[in-house]
Amino acid sequence: KIEKAKPIKCGTFGATSLQQRYLATGDFGGNLHIWNLEAPEIPVYSVKGHKEIINSIDGVGGLGIGEGAPEIVTGSRDGTVKVWDPRQKDTPVANMEPVQGESKRDCWTVAFGNAYNQEERVVCAGYDNGDIKLFDLKTMSLRWETNIKNGVCSVEFDRKDVNMNKLVATSLEGKFHVFDMRTQHPTKGFASVSEKAQKSTIWQVRHLPQNRDIFMTSGGAGSLHLWKYEYPAQRSKKDSEGAEMGVAGSVSLLQNVTLSTQPISSLDWSPDKKGLCVCGAFDQTVRVLIVTKLNKV
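Note that the coordinates shown come from a computational prediction; the quantities given were computed from them, not determined experimentally.

Things to note about the overall build of the protein
Within the protein, the regular secondary structure consists of zero helices and 25 strands. Projecting the C-alpha coordinates of the protein onto the three principal axes gives extents of approximately 60 × 45 × 35 Å. Every one of the 297 residues in the protein was classed for burial, and the buried ones make up 51%. The contacts in the protein between residues at least 6 apart in sequence include a share of 46% that link residues at least 24 apart. Counting only carbon and sulfur atoms, one obtains 49% of the accessible surface of the protein, whose full area is about 14300 Å².

Some details on the nonpolar core
If you look at the biggest cluster of nonpolar residues, it comprises 16 residues, and the most contacted ones within it are Ile132, Leu134, Trp144, Phe157, Leu167, Phe179 and Met181. Mapped onto this core, the elements with two or more residues apiece are β10 (122-127), β11 (131-136), β13 (152-157) and β14 (166-171). Look past the residues within four positions of Phe179 in its chain and what remains in contact with it is Ile132, Trp144, Thr146, Ile148, Asn165, Lys166, Leu167, Ala169, Phe190, Ala191 and Ser192. Within the second largest apolar cluster, 15 residues are counted, among which are Val60, Val110, Val123 and Tyr127.

Overview of the pairing of strand β24 (residues 276-281)
Looking at chain direction, strand β23 (residues 264-269) and β24 are connected through five bridges and run antiparallel. Looking across to β24, one finds that Asp268 is bridged to Val278. Once β23 ends, the chain turns through six residues before running back antiparallel as β24, passing Gly275 with a positive phi of about 95 degrees. As paired elements, β24 and strand β25 (residues 286-290) share five bridges and run antiparallel to each other.

Topic: the sheet that holds strand β6 (residues 71-76)
The strand order across the open sheet formed by four strands is β5-β6-β7-β8, and the pairing between neighbours is antiparallel. The open sheet terminates on both sides in strands that have one partner only, identified here as β5 (54-60) and β8 (94-96). Sheet twist, expressed as the mean angle between neighbouring strand axes with direction ignored, is 15 degrees. Judged from the four bridges that link them, β6 and strand β7 (residues 81-84) form a sheet pairing that is antiparallel. Pairing of Thr74 across the sheet is with Lys82, part of β7.

Considering unusual backbone geometry
Positive phi, close to 55 degrees, is recorded for Leu63, a residue that is not glycine. Here Leu63 lies in the loop between β5 and β6. Positive phi, close to 55 degrees, is recorded for Met140, a residue that is not glycine. Looking at the secondary structure, you find Met140 in the loop between β11 and β12 (141-147).

Here's the deal with the pairing of strand β17 (residues 202-208)
Among the seven residues in β17, six count as buried, and that is most of the element. For β17 and strand β18 (residues 211-219), the ladder comprises six bridges, and the chain directions are antiparallel. From the neighbouring strand, Ile202 faces β18, where its bridge partner is Gly219. With antiparallel pairing between neighbouring strands as the criterion, β17 and β18 make up a hairpin whose turn holds two residues.

Examining the UniProt feature "repeat: WD" (unreviewed entry) in the protein
Here, the residues flagged by UniProt with the feature "repeat: WD" (unreviewed entry) are residues 72-85. In residues 72-85, helix accounts for 0% and strand for 64%; the two terminal C-alpha atoms are 7 Å from one another.

Describing the side chain of Arg159
By the element assignment, Arg159 lies in the loop between β13 and β14. Asp161 is the oppositely charged side chain nearest to the buried, salt-bridge-free Arg159, at an N-O distance of 5.1 Å. Within the structure, Arg159 has its side chain in polar contact with the backbone oxygen of Leu208 (distance 3.2 Å). Residues contacting Arg159, with those up to four places away along its chain left out, are His207, Leu208, Pro209, Gln210, Asn211 and Arg212.

A short note on the packing of aromatic side chains
Enumeration over the complete set of coordinates arrives at six aromatic pairs. With 5.5 Å between their ring centres and 85 degrees between their planes, Phe176 and Phe215 make a pair best called edge-to-face. Placement of the pair is Phe176 in strand β15 (residues 175-180) and Phe215 in strand β18, with a sequence separation of 39 residues. A residue is classified by how much of its surface remains accessible, and Phe176, at 0% relative accessible area, is buried. On the accessibility criterion, Phe215 (0% relative accessible area) is buried.

The rules behind these values
Residues numbered from 1 in each chain as written. Predicted model: local features only at pLDDT ≥ 70, side-chain atom pairs only at ≥ 80, totals over all residues. Heavy atoms only, no water. Helix = DSSP H or I, 4+ residues; strand = E, 2+ residues; numbered from the N terminus. Buried < 20%, exposed > 50% of the residue type's maximum accessible area, 1.4 Å probe, protein only. Contact = heavy atoms within 4.5 Å. Areas by Shrake-Rupley, 256 points an atom, 1.4 Å probe, with all protein chains shown as cover. Core = buried A, V, L, I, M, F, W, Y, C linked by side-chain atoms within 4.5 Å. Pairing = 2+ DSSP bridges. Axes fitted to C-alpha atoms, helices over the stretch in contact; angles between N-to-C directions. UniProt positions renumbered as here; feature names shortened; annotations may be inferred. Lys, Arg positive; Asp, Glu negative; His and termini not counted. Salt bridge = Lys/Arg side-chain N within 4 Å of Asp/Glu carboxyl O. Polar contact = N/O pair within 3.5 Å; in protein donor to acceptor, adjacent residues only side chain to side chain. Phe/Tyr/Trp six-rings, centres within 6.5 Å; stacked < 30°, edge-to-face > 60°.

Pasting the structure below:
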């Protein structure tokens, strides 16, 4: 048990090796800290990353997840998304902020993807007004953006360390969207399918590490929903002008359970034991669950 002066909003082990076990955290003061859990008194890396609270954090390049540099991405209420390399002091390696004159939006969620070799890497960010932005770190440019008309609570690629395949985005009003990220149309972007899971906020989405077509969503009504994505017969087709466009598949509900009267705000799967997962809720309870028969779906 480690206590710090500033409240901590988010954390990740994603940019560290299993031997190091460094925990990166974002706090309410906009600080990014990296802690060695064997000697947690003083952070091994510390930077005042943002002007306001860091809402979301993700790591890649560690734990055998994703090729390339061990990087951490932070998204903040100050409207900026920043990528950090702990080997570089004080300054981010990438800084995505609103252009001059554009109003700043609260960034609620960030996720790495496309880290399948040393050069490629993207960051996806979701905002309070429904914006989803995909930043390409190889070209340092905005690759794609869309709006799902509702605050984006969570985004996750089905795998970080493969050629972009699918992206799930969840929203305030109980809806989630699955984007097929394999084919990007020049004007229409990525094909997607949406599903209304419940009436309340979907706080988080997490893909099953052992099967990227199965994912769990956690909800504001204290429920968990387990989903399966079915690919279409053909994942792409040509439009009238001969440009490739993606074809969205379908989503089916496998199982759901209500565990709490309070929102389930966080969730994660075990990478080792298939079906083992843990979730935290507003009722101050951490629950460990096992999902069976996953090899039959």
